[in-house]
Amino acid sequence: ACGAEKVEVSWLGLSESLSGGSESKLIWSGDPCQSRPMLKLRAVEQGELIGSWRFRPALEIWKKTPVAADDYGPDQRVTFETGLVRLADIQGNPVGEGAWLSRVAISSGEALTDRVLRRAPDSERGSSVRVEARAGALVVGADGRLLEDAFLGEEVRVLNLATRSTQRGRFTSGNRVVLEQ
C-alpha cells in the first residue's frame, strides 16, 4: 500500500523468549507503512492461539525515488537516476521527468525533491525574444527581452525594445511572447 521497496526493522520491541515451539506460526497484522506502526503478533500452534502481543517496532522504510546521479552545486542542471532512499530522508515532493536546476548543493544519491530543485526554464531572464500582438490576421512584432525566466505556455513579463515598455504575454515556441489582448 505504501509502495515500499524495502522495510528494515531497526527495533522490534519484543522479548526474545516468546511463547511457542518450533511448530508455532507467527501471524502479523497492522499497517507497517509508518516509521512507528502499531502491529499485532499472534502465535498459533496446532491451530490454537498460544500468545498475542501488541508492539510498536521502529521501522526504516525504503522507496524507489529519483536521486542525483552526481554531485551538483547551486544552479546546475541536474541529471538523475532511480535509487532506493529511506522514506525519512525524502524531504518534499519527488520530482518528475523534465529539466531541473539545483537550488542548493546536492550530493550523489540524494533524493531529488521540489525542496532542492527548481524547474529549468525554457528560456532564461535576459534572453532575446520576439514580442507579438495579434488582431485577427494582423500580427505586429518587435524585439524584446525577457524580464524573468520563461516556461512554455505560461505568462511572462517582457521588455518591448521598440516602445521601452514592460508588457505581459504568453511565452510560446520559437522564443516568442504573444501579448495578452
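What you are looking at is a predicted structure, and each value in this text was computed from that prediction instead of being measured.

Cut-offs used in this document
- Residues numbered from 1 in each chain as written.
- Predicted model: local features only at pLDDT ≥ 70, side-chain atom pairs only at ≥ 80, totals over all residues.
- Heavy atoms only, no water.
- Helix = DSSP H or I, 4+ residues; strand = E, 2+ residues; numbered from the N terminus.
- Areas by Shrake-Rupley, 256 points an atom, 1.4 Å probe, with all protein chains shown as cover.
- Buried < 20%, exposed > 50% of the residue type's maximum accessible area, 1.4 Å probe, protein only.
- Pairing = 2+ DSSP bridges.
- Axes fitted to C-alpha atoms, helices over the stretch in contact; angles between N-to-C directions.
- pLDDT = per-residue confidence, 0-100.
- Polar contact = N/O pair within 3.5 Å; in protein donor to acceptor, adjacent residues only side chain to side chain.
- Contact = heavy atoms within 4.5 Å.
- Salt bridge = Lys/Arg side-chain N within 4 Å of Asp/Glu carboxyl O.

Comments concerning the overall build of the chain
Here comes step 1: Along its length, the chain carries zero helices and 14 strands.
Here comes step 2: Of the regular secondary structure in the chain, the N- to C-terminal order runs β-β-β-β-β-β-β-β-β-β-β-β-β-β.
Here comes step 3: Here the chain displays about 11,200 Å² of accessible surface, and carbon together with sulfur accounts for 46% of that area.

What about unusual backbone geometry?
Here comes step 1: Phi angles above zero are rare outside glycine, and Gln46 is one such case at about 50°.
Here comes step 2: Summarising the element assignment, Gln46 is placed in the loop between strand E3 (39–45) and strand E4 (48–55).
Here comes step 3: Look at Arg164: it is not a glycine, yet its phi comes out positive at around 55°.
Here comes step 4: Mapped onto the secondary structure, Arg164 falls in the loop between strand E12 (155–160) and strand E13 (165–172).
Here comes step 5: By relative accessible area, which is 60% here, Arg164 ends up exposed.

Re the sheet that holds strand E14 (residues 176–179)
Here comes step 1: Sheet architecture is closed into a barrel: five strands sit in the order E10-E11-E12-E13-E14, paired in mixed fashion. Looking at each pair of strands side by side, their axes are set apart by 50° on average, direction ignored.
Here comes step 2: Here strand E10 (residues 128–135) runs beside strand E11 (residues 138–146); their pairing, made up of eight bridges, is antiparallel. Residue pairing for E11: Ser128 is matched across the bridge by Arg145.

Section: the confidence of the model for the chain
Here comes step 1: In this model, the chain carries an average pLDDT of 86, and 83% of its residues clear a pLDDT of 70 or more.
Here comes step 2: For the chain, per-element mean pLDDT is lowest for strand E2 (residues 25–29), which scores 65, and highest for E12, which scores 97.

Brief notes about the side chain of Asn160
Here comes step 1: Among the secondary structure elements, Asn160 is positioned in strand E12.
Here comes step 2: Classification of Asn160 as buried rests on a relative accessible area of 7%.
Here comes step 3: Among the polar contacts made by the side chain of Asn160, one reaches the main-chain amide nitrogen of Thr163 at a distance of 3.4 Å.
Here comes step 4: A distance of 3.1 Å separates a polar atom in the side chain of Asn160 from a polar atom in the side chain of Gln167.
Here comes step 5: The contacts of Asn160, once residues within four sequence positions are left out, are Val131, Ala142, Asp143, Ser165 and Gln167.

Here we look at the sheet that holds strand E8 (residues 100–102)
Adjacent strands of a sheet form backbone hydrogen bonds with each other and so pair up, either parallel or antiparallel.
Here comes step 1: Read across the open sheet, the three strands follow the order E6-E8-E9; overall the sheet is antiparallel. Strands with a single pairing partner mark the edges of an open sheet, and in this sheet they are strand E6 (77–78) and strand E9 (117–119).

As for the pairing of E10
Here comes step 1: Where E10 hands over to E11, the hairpin turn is made up of two residues, of which Gly136 adopts a positive phi near 65°.
Here comes step 2: Both E10 and E14 contribute to a ladder of three bridges, which runs parallel. Paired with Glu132 across the two strands is Val178, which belongs to E14.

What to know about the environment of Gly109
Here comes step 1: Relative to the assigned elements, Gly109 resides in the loop between E8 and E9.
Here comes step 2: Note: C-alpha distance between Gly109 and Ala68 (41 residues apart in sequence) is 5.0 Å.
Here comes step 3: Apart from the residues within four sequence positions on either side, Gly109 is in contact with Val67, Ala68 and Val85.

Description of the pattern of salt bridges
Opposite charge on two side chains allows them to pair when their charged atoms are near.
Here comes step 1: This model, assessed by the stated rule, comprises nine salt bridges.
Here comes step 2: Note that Arg118 and Asp75 form a salt bridge whose closest N and O atoms lie 3.1 Å from each other. Taken together, the residues Arg118 in strand E9 and Asp75 in the loop between strand E5 (58–68) and E6 connect sequence positions 43 residues apart.
Here comes step 3: On the basis of relative accessible area, Asp75 is assigned to the exposed category, the value being 52%.
Here comes step 4: Because the salt bridges share partners, they merge into one network encompassing Glu60, Arg86 and Asp89.

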